[in-house]
Amino acid sequence: MLNRLLGRRCPTENKVPQVVDEQPANPFTELQVLSGHTDIVRYLLPLDHYRFVSAGDDGTIIVWNFQTGERLCVLHGHTRPISALATLSCPLNLDLLDPHPLLLLSASSDRTICMWDMESQSLLKALGDHSCSVKCLLVLRREDLWLAGGSTLLLWNRVGELLCKVMGHLEEDICSMIEIADSRVVAAVGKDLAVYRLAFCSFSESTAQWGLRELAMLQSHSDDVRSLLHVSDGCFVSGSLSGEMVVWSGVSLVALQKIKVDEDTPGKCLEHNSQLYPTGIYCLSSSSQLLFAAVGCGVCVYDLVTQRVVAWRSAAHGSRVTAIIGLRDSDLLVSSSEDGTAHLWKLQPYTPQGVFNFLRGSGFPAQVSMTNRWNLELEGDLVGHSGAVEALLDLGTWGLVTCSADHLLIIWRNGDTWPDIIHSQEDQEARFMSTNKEKV
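Here the structure is a predicted model, which means the values were calculated and not measured.

Draft legend 1. Local environment of the nonpolar core. One finds L147, L153, L155, I174, M177, Y196 and L212 to be the most contacted residues of the largest nonpolar core, which totals 19 residues. Elements supplying a minimum of two residues to this core: β10 (136-140), β11 (145-149), β12 (153-157), β13 (162-166), β14 (174-180), β15 (184-189) and β16 (192-202). One finds A311, I324, L347 and L378 within the second-largest nonpolar core, a separate group that totals 17 residues.

Written out as structure tokens, the structure reads:
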């Protein structure tokens with residue numbers, strides 16, 4: 001009672017929340033189980049308006065129709081687990097009618113990268129220029145180029161020609177990469193962030209090709225960086241194993257703010273100190289002005305505009321949070337965990353309790369502001385996997401996909417809107433066929 005009067009949080013509030021049997025706010029009332037993998041499924045990637053791919057430790061890539069759940073094909077090209085996926089579509093500076101096919105890039109711990117033509121669903125080329133496993137891929141769509149990171153940083157073009165190779169990164173591997181404004185790339189290398197600029201390099205008076213030039217080495221984290229997120233041309237965010245988030249200027253490359261969440265003072269941003277936070281940040285995502293971070297077993301919401309932590313659940317799951325996303329067509333946030341759960345959250349205005357909080361006044365604005373904090377209320381639970389949920393993929397009106405260590409994928413459907421979507425799709429196909437018959 002004294003904690004309540006003083007406005008403090010009780011220890012029970014740090015327990016993993018439980019979902020009641022009835023979940024009226026949970027839109028996902030139907031599920032479709034997809035099988036085909038023989039080992040842990042770790043990666044999900046959308047291809048176009050009706051297809052996505054899954055990949056994992058069995059070394060295979062499966063192409064799915066997410067509208068029907070049909071397995072379209074299985075791509076065999078790797079002998080060890082898949083470590084990264086990316087798509088290389090038509091360059092942004094070309095016409096949409098350009099004949100360039102959609103390419104899928106897959107990297108593996110077998111030290112190869114495969115380039116797949118997703119129109120013919122065939123292997124175009126297998127690249128083996130890495131001396132170790134590739135840990136991340138990054139596509140630069142404006143230049144129609146792509147990068148592969150590991151112990152080295154390699155720059156390739158669309159046809160699989162190696163353009164540039166950057167060696168030596170302080171004896172640390174590149175684990176994550178993002179593209180920022182002005183043709184620059186940020187790579188997580190241990191505790192530091194290496195910044196490169198894409199530029200033409202002249203080898204002679206008559207020949208020149210794309211290359212990479214190192215611009216800066218940003219040092220702000222006290223432990224290894226495990227997540228990077230490009231928010232806008234103005235800023236990007238990095239998260240480390242020590243539980244720190246750093247917001248960087250995308251223009252000047254200056255650290256704008258360093259955030260650590262203190263459980264006893266929600267909503268307060270603390271300066272970095274020598275005491276390491278016991279949990280790491282492996283996943284970051286954003287929606288509008290909000291940044292979502294998976295901090296160990298917890299979930300943190302940070303307001304990029306007001307520069308404050310506005311919501312914090314230190315025990316959102318019983319084990320490490322593996323993925324976190326905000327759903328496009330709703331106000332729900334989804335997080336998944338190694339404990340096999342996937343939770344649906346909703347930001348709710350926090351109602352202060354206790355004498356001292358009561359004296360501060362009541363009433364909350366519609367937007368997140370400097371004067372309030374919000375609660376993450378558990379709205380539902382997606383129960384279906386028997387192993388760690390490794391990744392999430394938002395399909396918009398078509399639902400949500402989860403993949404797991406149990407070798408399965410599940411497409412979660414909104415039972416209220418799903419029949420309408422199916423009928424609408426059937427009507428569109430019927431009109432398309434009718435129009436083609438009339439032309440004939």
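Moving on from the coordinates now.
Draft legend 2. The sheet that holds strand β28 (residues 342-349), seen in detail. An order of β26-β27-β28-β29 is seen for the four strands of this open sheet, with the pairing classed as antiparallel. Each edge of the open sheet is held by one strand with a lone partner, namely β26 (321-326) and β29 (374-381). Strand-to-strand twist across the sheet, computed as the mean angle between neighbouring axes with direction ignored, equals 30 degrees. As paired elements, β26 and strand β27 (residues 332-337) share five bridges and run antiparallel to each other. Considered in β27, the bridge of A323 is made with S336.

Draft legend 3. Seen up close, the confidence of the model for the chain. Put simply, the chain has an average pLDDT of 81, and 77% of its residues get 70 or more. Per-residue pLDDT stays below 50 along residues 353-371; that stretch engages in 28 contacts with residues further than four places along the chain or on separate chains. Considering only residues more than four positions removed or in separate chains, one finds that residues 429-440, a stretch of pLDDT under 50, has zero contacts.

Draft legend 4. Geometry of the sheet that holds strand β6 (residues 82-88). Read across the sheet, four strands follow the order β6-β7-β8-β9 without closing on themselves; strand pairing throughout is antiparallel. The sheet terminates laterally at β6 and β9 (122-127), the two strands that pair on one side only. The sheet shows a mean angle of 20 degrees between the axes of neighbouring strands, direction not considered. In this structure, β6 lies alongside strand β7 (residues 103-108), joined through six bridges in antiparallel fashion. Note that in β7 the partner of T87 across the bridge is L104.

About the cut-offs
- Residues numbered from 1 in each chain as written.
- Predicted model: local features only at pLDDT ≥ 70, side-chain atom pairs only at ≥ 80, totals over all residues.
- Heavy atoms only, no water.
- Core = buried A, V, L, I, M, F, W, Y, C linked by side-chain atoms within 4.5 Å.
- Buried < 20%, exposed > 50% of the residue type's maximum accessible area, 1.4 Å probe, protein only.
- Helix = DSSP H or I, 4+ residues; strand = E, 2+ residues; numbered from the N terminus.
- Pairing = 2+ DSSP bridges.
- Axes fitted to C-alpha atoms, helices over the stretch in contact; angles between N-to-C directions.
- pLDDT = per-residue confidence, 0-100.
- Contact = heavy atoms within 4.5 Å.

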